[in-house]
Amino acid sequence: MAFPSAPSALWSVSLLTVLFAAAVHSNIIYEDDPLQPVTSDETVSVGGTVTLTCRVPESDNSSLQWSNTAQQTLYFGEKRALRDNRIQLHRSTSTELSITIADVQLSDEGEYTCSIFTMPVRTARATVTVLGVPGKPQILGFENAVPEGGKVTLTCTSTGSKPPARLRWYRGDQELDGKNVVAPVPDDPTYNVSSELTLEVSRSDDNALITCAVDHPSLAPGDKRSEHALRVLYSPNVQIYPESDLPREGEKFNLKCSGDANPEPNSYIWEKKDGDLPPLAKADGAFLRFEMLNKSDNGVYLCHADNGIGSSQGDYTLVVHDPTAMSTSSGVDHAVVGGVVAVIVFILLCLLIVLGRYLIRHKGTYLTHEAKGSDDAPDADTAIINAEGGHSGAEDKKEYFI
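Just so it is clear, the structure is predicted and the values come from calculations on it, not from any experiment.

## Some remarks on the overall build of the protein chain
Moving on, step 1. The helix and strand inventory of the protein chain stands at three helices and 25 strands.
Moving on, step 2. Expressed as a percentage of its 402 residues, the buried residues of the protein chain come to 31%.
Moving on, step 3. A separation threshold of at least 6 residues defines the contact pool for the protein chain, and within that pool the share at least 24 residues apart is 62%.
Moving on, step 4. In the form shown here, the protein chain has an accessible surface area of approximately 25400 Å², with 53% of it arising from carbon and sulfur atoms.

Printed below as a string of structure tokens:
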């Protein structure tokens, strides 16, 4: 039989493809067969690289072959059969054929077949699952600030996920409940996901960080998230602070009206309770300035602050102190401190005197012991013999001559 002129490799691949197609339709699986190929399912994200490995327990020198989902031969042993540079040979031995597919796309998903061309042909299948990586979430609803006590509705969306992603909401580290909606993309295996969150805000929510994070098997936790700070409008909470804790008569003195508010107060009104402001007191926006304090300035001062959202007032009781009285009081305090110091010094001197007398009385006291019975001795030798303790063992050391 004559074959048309063509490269022998191409004829071989064509023949193997025919044989392989027949084997696939037969769907023959041999358990406990040393020549039965073994594969495993793989999961890969779009743009990633997957490795397909086919092994047989024993070899009879038959070649292994990988085919794609369209039953096109990819590799026959070490020979490339499909011109796709993304597909490369990883390892080829008598018992193993491994290939890699780089830059995986959603269209690469499906069943891949490994075959060994024995009689009959044996096959094994590996399912490649391709994950569609979701896009970075986008949040809408932060365009305008929200008045205190009002509600804000935020919407987070993410596209291109497969399987559908899950969107999670957080305020700081606290997870919030949002409603997820999944919509399949027409003529595409991916999904668009959206989530809606409604919050009733208070002034404590101003600048609170709201986060929308994507939860998907193709991503590590926190890989894709978007976050925005809430802006809450609220009325002032007014407090008045003095420039000095001890206002003295005849000195300058300032009061400051401060209100925690968003936005900052744009209107301040100063007044004195039960009377008019003193002639030497000047209202200067958030400040009330006293050029020279007087006892007549004593009283309760009020500050009204308004920021357009609301208004509030604070009060401060001013008590002007007499500088002379302050000096007298200071002098009394110094006198008390001086008296305490004098008493301590006196006690220390008394202790030193007593200690000195004690040391002088006991200085140079020595005990001398003279030998008793030595005064009446006619000479020194006799005195030593008669002395007590001179030779305590003299009697014990007698010598006897026989």
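## Side note on the packing of aromatic side chains
Moving on, step 1. What the rule picks out here adds up to three aromatic pairs.
Moving on, step 2. An angle of 70° between the planes, with centres 5.8 Å apart, marks the rings of Phe76 and Phe117 as edge-to-face. Pair noted here: Phe76 is in strand β4 (residues 73–76) and Phe117 is in the loop between β8 (110–116) and β9 (122–131), with a separation of 41 residues, a long-range link. Considered together, Phe76 and Phe117 belong to a single accessibility category, that of buried residues.
Moving on, step 3. For the ring pair Phe290 and Tyr301, a centre distance of 5.5 Å and an interplane angle of 90° mean the geometry is edge-to-face.

## Some details on the confidence of the model for the protein chain
Moving on, step 1. Within the protein chain, residue pLDDT values average 83, and 79% of them lie at 70 or more.
Moving on, step 2. This stretch, residues 327–331, has a pLDDT under 50; its non-local contacts, to residues over four places away or in other chains, come to zero contacts.
Moving on, step 3. Taken together, the stretch residues 365–371 has pLDDT below 50 and engages in two contacts with residues farther than four places along the chain or on a different chain.

## As for the pattern of salt bridges
When the charged atoms of two side chains lie near each other, side chains of opposite charge can form a pair.
Moving on, step 1. Evaluation of the coordinates by the stated rule reveals twelve salt bridges.
Moving on, step 2. The shortest N-O distance in the salt bridge between Asp84 and Arg86 comes to 3.2 Å.
Moving on, step 3. In this structure, Arg125 and Glu111 form a salt bridge, with 3.8 Å as the shortest nitrogen-oxygen distance. Here Glu111 lies in strand β8 and Arg125 lies in strand β9, a separation of 14 residues in the sequence.
Moving on, step 4. The structure contains a network of salt bridges with shared partners spanning Arg55, Arg91 and Glu96.

## Let's talk about unusual backbone geometry
Moving on, step 1. A cis amide bond, omega -5°, links Lys162 with the succeeding residue Pro163.
Moving on, step 2. Mapped onto the fold, Pro163 is located in the loop between β12 (151–161) and β13 (166–171).
Moving on, step 3. The peptide bond linking Asn262 to Pro263 adopts the cis configuration, its omega dihedral lying at 0°.
Moving on, step 4. With respect to the helices, strands and loops of the structure, Pro263 is situated in the loop between β20 (253–262) and β21 (267–272).

## With respect to the state of the cysteines
What is meant by a disulfide is a covalent connection between two cysteines, made through their sulfur atoms.
Moving on, step 1. Inspection of every chain in the model, using the stated rule, returns three disulfides.
Moving on, step 2. In this model, Cys156 is linked to Cys212 through a disulfide, with the two sulfur atoms separated by 2.0 Å. Across the S-S bond linking Cys156 and Cys212, the dihedral sits near -85°, which makes this disulfide left-handed. Of this pair, Cys156 sits in strand β12 while Cys212 sits in strand β17 (residues 209–215), placing them 56 residues apart in sequence.
Moving on, step 3. Taking relative accessible area as the criterion, Cys156 reaches 0% and is therefore assigned buried.
Moving on, step 4. Cys212 gets classed as buried once you look at its relative accessible area, which sits at 0%.
Moving on, step 5. A sulfur-sulfur distance of 2.0 Å marks the disulfide that ties Cys257 to Cys303. Classification of the bridge connecting Cys257 and Cys303 rests on its S-S torsion, roughly -90°, and on that basis the disulfide is left-handed. A residue pair is termed long-range when its members are at least 10 positions apart, and Cys257 in strand β20 and Cys303 in strand β24 (residues 299–306) qualify at 46 residues.

Cut-offs used in this document
- Residues numbered from 1 in each chain as written.
- Predicted model: local features only at pLDDT ≥ 70, side-chain atom pairs only at ≥ 80, totals over all residues.
- Heavy atoms only, no water.
- Helix = DSSP H or I, 4+ residues; strand = E, 2+ residues; numbered from the N terminus.
- Buried < 20%, exposed > 50% of the residue type's maximum accessible area, 1.4 Å probe, protein only.
- Contact = heavy atoms within 4.5 Å.
- Areas by Shrake-Rupley, 256 points an atom, 1.4 Å probe, with all protein chains shown as cover.
- Phe/Tyr/Trp six-rings, centres within 6.5 Å; stacked < 30°, edge-to-face > 60°.
- pLDDT = per-residue confidence, 0-100.
- Salt bridge = Lys/Arg side-chain N within 4 Å of Asp/Glu carboxyl O.
- Disulfide = S-S within 2.5 Å.

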